Amino acid sequence: MYDYMFRNALVVDGSGKKPYRANVAVFGDRIVFIGNEGITRAKIVVDASDSVLAPGFIDMHTHTDLEVLRDRDMKAKLHQGILTDVSGNCGIGVFPNTTEALHLAVEDVLGTIDDWNWKTYEEYCSVLMDGGIGINEVFLASHTALRYAVMGDNAGRASSDVEIRDMCALLDSLLSSGIRGFSSGLYYSPCLFAEEKELLALLSVVRQHDAFFAVHHRCEGNDVLSSLREVLDLAAESGVRLEISHLKAIGRKNQEKVPQMLEMIEDYRARGVDVQADQYPYSYGSTSLFSLLPPHILGLSRFEQRLALSLEGERDELKQEIMHPDGWDSVYEMVGPDDISIIYLQNHSNYNGMTLSEIGREKGKDPLEALFDILSEETGLAVMSDVTQTDESLRMIMKHPLVSFGTDALYSSPIPHPRSYHSTVEYISRYVVQEKLMTIEEAVRKMTGLNADKLRLEKRGYIREGYYADILLFKPEALKEDGNDNIGFEAMLVAGKPAYLNGRWYYQRGGKVL
């Protein structure tokens, strides 16, 4: 007898092929039967005749490394049908855990946790599985953690040959442990200080393991084309598989570059570079408020940053750098203070929800001066939102066959970007149901099978006999946001264990580290 039978479901199997009607049966942790025979011998039979049955969504780009310890049930992901996460992105990760400087460096993106009671990747996985996790987790080796482990607290600088050798040895060990890839955030400190020789050395290790390289490249704005070419050339020279994180062009004047970006990716692909990309379904983003500062300031400790921002002479120079950047993304200059908003300031909550222009007017100062005031005083979390691109550019990138789904979800602050709770619903309800930019099978392909293929996950990402029963049942036209929750999902199984069924949540923590 089967455990579950989903009867007469519209199966969208993750391959991009046309949906079809079938009965789908689950026994244990696997899908064991797909067909039209009238089999009803199951402990639980679900009438799925009005619903889509699909693989559990796979989030290709997220930052849940610490959130999975704060909420082991992973409600924010489960409640939008995400059953597999990929964490350690943008070069921001939590292992090896060697210094408190790492904790401070990742705080604005990953948030905080009381007890970092692990050192190695294996110990981190043991901590996760000792308490259980609600969804599957895939981890990448992060460039930031490698740099702090080898270079110590002073990682905001170029590395020596010996340090590069030691980073490569550490990366080799991590990839030998089953980690799927390596990530860097060349926009963020300390990764932005990595020179070409360091990157090529690390990528040679990635290539030896046939892993992949996920990268937040240096400039997504004025210099987006040269920045994109840099990582494409690195992939071409090293032979690695390349995943370009949250593909976009920042700033109104840079939207015309999006077709050139896509053409460049296609050109390198035609030349044999295995390059793909991911994208979150919003035209506005979220990251650390401190990331508005120039690279040489980001390389300092938070105390040194606050000290520099408190000095009048230093401020004058910083203004010039921010308004006339050379070789780095000045989001302030590209986006402007009207389109940069405070999501959360830990010690200045009165500014939460306000734009930098509004804060400047309230303080009677230039918005940039107001920003310096805030950052010179803020000792806790500082998270912002910024309007990065047009809806037209978002759609153009989303439709491209090499671009898959990710959320770029952050859970560092109590007031998150909506992508952290609603990305899948936004993706399907707006771009499939309302705008018909994609068919449901195209969208599900980008959210499941395509990401499983990138990650080379065994027997996941598709509705096929013998595959793990990570399954969703939902009505696309019924998907809606509901506060920090969503409605429209009817059933979820994680490896055959019910996470949601018959209107009830079952937090059985059936997830694994893949």
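Asker: In this structure, what is going on with the layout of surface pockets? I would like to understand it.
Answerer: Over the atoms rolls a probe the size of a water molecule, and its path tells where empty space is left. Taken as a whole, the largest pocket spans an internal volume of roughly 630 Å³. Every residue lining the largest pocket is counted, 33 residues in all, and those nearest its centre are L104, A105, L298, L300 and R302. Secondary structure elements with two or more residues in the lining of the largest pocket: α3 (100-110), α5 (143-151), β13 (284-288) and α11 (302-309). No other element matches α3, which puts seven residues into the lining of the largest pocket. Partitioned by chemical class, the residues of the lining of the largest pocket number 15 nonpolar, twelve polar and six charged.

Asker: Explanation requested: the side chain of K446 in the structure shown.
Answerer: With respect to the secondary-structure elements, K446 resides in helix α18 (residues 440-447). Here V403 takes part through its backbone oxygen, which lies 2.6 Å from a polar atom of the side chain of K446. In this structure K446 touches M398, K399, H400, P401, V403, S404, F405, Y427, M438 and N451, once residues within four positions along its chain are discounted.

Asker: Would you explain the nonpolar core in this entry?
Answerer: If you look at soluble globular proteins, the nonpolar side chains tend to sit buried side by side. Judged by nonpolar contacts, the single largest core of 136 residues is most densely connected at L289 and F474. For this core, the element with the most residues is helix α7 (residues 196-208), which contributes seven residues. In this structure L289 touches I342, L345, L371, I374, L375, A382, V383 and M384, once residues within four positions along its chain are discounted. A9, V26, I463 and I471 belong to the second largest nonpolar core, which has 19 residues in total.

Asker: Help me understand the sheet that holds β13 in this model?
Answerer: Hydrogen bonds between backbone atoms are what pair the strands of a sheet, whose relative direction is either parallel or antiparallel. Across the sheet, which stays open at both edges, the three strands sit in the order β13-β15-β14 with antiparallel pairing between neighbours. Edge positions in the sheet fall to β13 and β14 (340-345), since each has one partner strand and no second. The mean inter-strand angle of the sheet, taken between neighbouring strand axes irrespective of direction, is 25°. As judged from the five bridges shared by β13 and strand β15 (residues 382-387), these two strands associate in the antiparallel manner. Looking across to β15, one finds that S286 is bridged to S385.

Asker: How do you make sense of empty space enclosed by the protein when you look at a structure like this?
Answerer: Applying the stated criterion across every chain yields a total of five cavities of 30 Å³ or more. If you trace the largest cavity, you find 24 residues lining it, with Y188, H216, K248, S286 and T287 closest to the centre. Breaking the lining of the largest cavity down by element, the ones donating at least two residues are β13 and β15. Per element, the largest residue contribution to the lining of the largest cavity is three residues, and it comes from β13. Taken together, the residues of the lining of the largest cavity break down into ten nonpolar, eight polar and six charged.

Asker: Hey, could you run me through the side chain of R218 in this one?
Answerer: Topologically, R218 is positioned in the loop between β10 (212-216) and α8 (224-238). In terms of polar contacts, R218 uses its side chain to reach the backbone carbonyl oxygen of L192, at 3.0 Å. Not counting residues within four places of it along the chain, the set of residues in contact with R218 comprises L186, Y187, L192, A194, L199, S227, E230 and D329.

Asker: Please explain the environment of M492 as it appears in this structure.
Answerer: Mapped onto the secondary structure, M492 falls in strand β20 (residues 489-494). As a C-alpha pair, M492 and E377 span 115 residues in sequence and 45 Å in three-dimensional space.

Asker: Would you explain the packing of α3 against α5 in this entry?
Answerer: In a packed pair of helices, the relevant descriptors are the angle between the two axes and the axis-to-axis distance. Where α3 contacts α5, the two axes come as close as 9 Å, and the packing angle between them is 155°. Our classification of the angle between α3 and α5 gives roughly antiparallel. Note on packing geometry: the crossing formed by α3 with α5 is right-handed. Here α3 contributes A101, L102 and A105 to the contact with α5, which in turn contributes T144, A145 and Y148. Within the contact of α3 with α5, the residues separate by chemical class into five nonpolar, one polar and no charged.

Asker: Please explain helix α15 (residues 367-377) as it appears in this structure.
Answerer: Because the α-helix completes a turn every 3.6 residues, residues three or four places apart line up on one side. With ten of eleven residues buried, α15 is to be regarded as a mostly interior element. Residues of α15 that are buried include every one of P367, L368, E369, A370, L371, F372, D373, I374, L375 and S376, and no others. Two or three places before L368, at the start of α15, stands the capping residue D366, its side-chain oxygen 2.8 Å from that residue's backbone nitrogen.

Asker: Would you explain the packing of aromatic side chains in this entry?
Answerer: Given two aromatic rings, one states the distance between the centres and the angle between the planes to describe the pair. This model, assessed by the stated rule, comprises 17 aromatic pairs. Ring geometry for Y462 versus Y467: centroids 6.3 Å apart, planes at 85°, classification edge-to-face. The two residues Y462 and Y467 agree in class, both being buried. Members of the aromatic cluster, each reached through a chain of ring pairs, are F95, W116, W118, Y121, Y124 and F139. It is K75 that lies over the ring of Y507; its NZ or CZ is 5.2 Å from the centre. The aromatic ring of Y268 is capped on one face by R271, whose charged end is 4.2 Å from the ring centroid.

What counts, and at which threshold
- Residues numbered from 1 in each chain as written.
- Predicted model: local features only at pLDDT ≥ 70, side-chain atom pairs only at ≥ 80, totals over all residues.
- Heavy atoms only, no water.
- 1 Å grid on protein atoms, 1.4 Å probe; cavity = no way out; pocket = protein on both sides within 12 Å on 5 of 7 lines; lining within 4 Å.
- Points joined across faces, edges and corners; volume = space filled by probe spheres on them.
- Helix = DSSP H or I, 4+ residues; strand = E, 2+ residues; numbered from the N terminus.
- Nonpolar A, V, L, I, M, F, W, Y, C, P; charged D, E, K, R; others polar.
- Polar contact = N/O pair within 3.5 Å; in protein donor to acceptor, adjacent residues only side chain to side chain.
- Contact = heavy atoms within 4.5 Å.
- Core = buried A, V, L, I, M, F, W, Y, C linked by side-chain atoms within 4.5 Å.
- Buried < 20%, exposed > 50% of the residue type's maximum accessible area, 1.4 Å probe, protein only.
- Pairing = 2+ DSSP bridges.
- Axes fitted to C-alpha atoms, helices over the stretch in contact; angles between N-to-C directions.
- Parallel < 35°, antiparallel > 145°, perpendicular 65-115°, else oblique.
- Left-handed = near helix turned anticlockwise from the far one by under 90°.
- Phe/Tyr/Trp six-rings, centres within 6.5 Å; stacked < 30°, edge-to-face > 60°.
- Lys NZ or Arg CZ within 6 Å of the ring centre and 35° of its normal.

Worth remembering: the numbers are spatial, not functional.
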